[in-house]
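An overview of the molecular structure
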Amino acid sequence: MQKNLAEVLEQAGVVPVLVIEKVEDALPLAEALVEGGLNVLEITLRTEAALDAVEQIAKHLPDAHVGTGTVLNVEDIRRSVDAGATFMVSPGATEQLLDAADSVEVPLLPGAADPSEVMRLLERGYRYQKFFPAQAAGGVPMLKSIGGPLPQVKFCPTGGIGPNNAKDFLALSNVVCVGGSWMAAANLIRENRWADITRLAKEAFSL
Ligand SMILES: O=C(O)C(=O)C[C@H](O)[C@H](O)COP(=O)(O)O
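Residues numbered from 1 in each chain as written. Predicted model: local features only at pLDDT ≥ 70, side-chain atom pairs only at ≥ 80, totals over all residues. Heavy atoms only, no water.

Focus: the overall build of the protein
- If you tally the helices and strands in the protein, you get 10 helices and 9 strands.
- C-alpha extents for the protein along the principal axes are approximately 45 × 35 × 25 Å.
- Counting every position in the protein, which comprises 207 residues, the buried fraction comes to 51%.
- Of the contacts made within the protein by residues no fewer than 6 positions apart, 59% connect residues no fewer than 24 positions apart.
- Within the structure as shown, the protein displays about 9300 Å² of accessible surface, and the carbon and sulfur contribution to it stands at 52%. (Helix = DSSP H or I, 4+ residues; strand = E, 2+ residues; numbered from the N terminus. Buried < 20%, exposed > 50% of the residue type's maximum accessible area, 1.4 Å probe, protein only. Contact = heavy atoms within 4.5 Å. Areas by Shrake-Rupley, 256 points an atom, 1.4 Å probe, with all protein chains shown as cover.)

Rendered as structure tokens:
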């Protein structure tokens, strides 16, 4: 369910959403982000290397909270738990996914994009939700509007967020943190530009 998730999200500020192609990039990348002040990391299960990356970070970087992203089904939940993820993030939600999440200890941050989806998740006890795709689904005005009738739900908006609009999301009373890939873009990882990633992480940390 969502045990222990609140504390992790409350202190996260900005959550880097990472696509790791090579497992050898996992530790230097995570170290660069932690050095920049970002220690809640979401590794998307979009690559072959993702689960090994989660394992490595969980094992070697105790200062980091490493979770999985792009969690789409029961199998992804099982693999996340086995790899040592401390949380899981899904872009949306299905009954099957939520049933599976109910049977494990690792908390899930499920995605919602409109009031009905938010309400369905709330019925199942999810007080923390990912608002995805944040910018495309209506951005700050949409989240602000949802906060009128549903102020008890706190969001981590993700998707289309960057240094220019992150602050506007973070200023909303129903936003607990924001997620994004901007501080660890694919080319920066590919070229092992760890110092640049630390600099961007620091900038994100101080937003
Ligand atoms: O993989 C998932 O589970 C997702 O839901 C998608 C991610 O949250 C976005 O890809 C991050 O968005 P950008 O910061 O716009 O790159």
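Moving on, there is more to tell.
What to know about helix α6 (residues 115–123)
- The N-terminus of α6 is capped by D114, whose side-chain oxygen sits 3.0 Å from the backbone nitrogen of S116.
- G125 lies just past α6 and shows a positive phi near 95 degrees. (Polar contact = N/O pair within 3.5 Å; in protein donor to acceptor, adjacent residues only side chain to side chain.)

Concerning the sheet that holds strand β8 (residues 154–157)
- Taking strand neighbours across the sheet as the criterion, the 3 strands line up as β6-β7-β8 in an open arrangement whose pairing is parallel. The outermost strands of the open sheet, each flanked by one partner alone, are β6 (111–112) and β8.
- Taken together, the 4 bridges between strand β7 (residues 128–131) and β8 define a ladder with parallel strand orientation. Along β8, the bridge assignment pairs K130 with C156. (Pairing = 2+ DSSP bridges.)

Notes on the site of the ligand
- The immediate surroundings of the ligand are formed by V17, T44, R46, T70, P91, K130, F132, T158, G159, G160, G180 and S181.
- Its free accessible area being 410 Å², the ligand has 83% of it covered by the protein chains.
- Mapping the ligand onto the cavity grids shows that it belongs to the largest pocket.
- Partitioned by chemical class, the residues of the shell around the ligand number 3 nonpolar, 7 polar and 2 charged. (Near = heavy atom within 4 Å. 1 Å grid on protein atoms, 1.4 Å probe; cavity = no way out; pocket = protein on both sides within 12 Å on 5 of 7 lines; lining within 4 Å. Sits in = over half its atoms within 2 Å of the grid points. Nonpolar A, V, L, I, M, F, W, Y, C, P; charged D, E, K, R; others polar.)

A word on the environment of E42
- For E42, the location among the structural elements is in strand β2 (residues 40–44).
- Through-space distance from the C-alpha of E42 to that of W182 is 13 Å; in sequence the pair is 140 residues apart.

Points about the packing of helix α2 (residues 26–35) against helix α10 (residues 194–205)
- The interhelical angle for the contact between α2 and α10, taken along N-to-C directions, is 35 degrees, at an axis separation of 7 Å. You can see that α2 and α10 cross each other, and the crossing is right-handed. Seen from α2, the contacting residues are P28, L29, A32, L33 and E35; seen from α10, they are W194, I197, T198, A201 and K202.
- Broken down by class, the residue content of the contact of α2 with α10 amounts to 7 nonpolar, 1 polar and 2 charged. (Axes fitted to C-alpha atoms, helices over the stretch in contact; angles between N-to-C directions. Left-handed = near helix turned anticlockwise from the far one by under 90°.)

As for the layout of surface pockets
- Taken as a whole, the largest pocket encloses approximately 220 Å³ of empty space.
- Those elements that place two or more of their residues in the lining of the largest pocket are β2 and β9 (178–180).
- Grouping the constituent residues of the lining of the largest pocket by class yields 5 nonpolar, 9 polar and 3 charged. (Points joined across faces, edges and corners; volume = space filled by probe spheres on them.)

A few points about empty space enclosed by the protein
- Under the counting rule described, the total for this entry stands at 1 cavity of 30 Å³ or more.
- Residue lining of the largest cavity: L9, V15, V17, E42, F87, V89, L109, C156, T158 and G179, and that is the complete set.

With respect to the packing of aromatic side chains
- Scanning the model with the defined rule gives 1 aromatic pair in all.
- When the centroid spacing of 6.2 Å and the interplanar angle of 70 degrees are considered together, the rings of F131 and F155 count as edge-to-face. Of this pair, F131 sits in strand β7 while F155 sits in strand β8, placing them 24 residues apart in sequence. Neither F131 nor F155 differs from the other in exposure class; each is buried.
- Taking NZ or CZ as reference, K130 lies 4.9 Å from the ring centre of F132, over its face. (Phe/Tyr/Trp six-rings, centres within 6.5 Å; stacked < 30°, edge-to-face > 60°. Lys NZ or Arg CZ within 6 Å of the ring centre and 35° of its normal.)

Quick look at the nonpolar core
- The biggest cluster of nonpolar side chains holds 60 residues, and the ones touching the most others in it are L18, L29, L33, I43, I57, V178 and W182.
- If you tally residues by element for this core, the top one is α2, at 6 residues.
- In this structure L29 touches L18, I20, A184, I189, W194 and I197, once residues within four positions along its chain are discounted.
- One finds V89, L109, C156 and V176 within the second-largest nonpolar core, a separate group that totals 13 residues. (Core = buried A, V, L, I, M, F, W, Y, C linked by side-chain atoms within 4.5 Å.)

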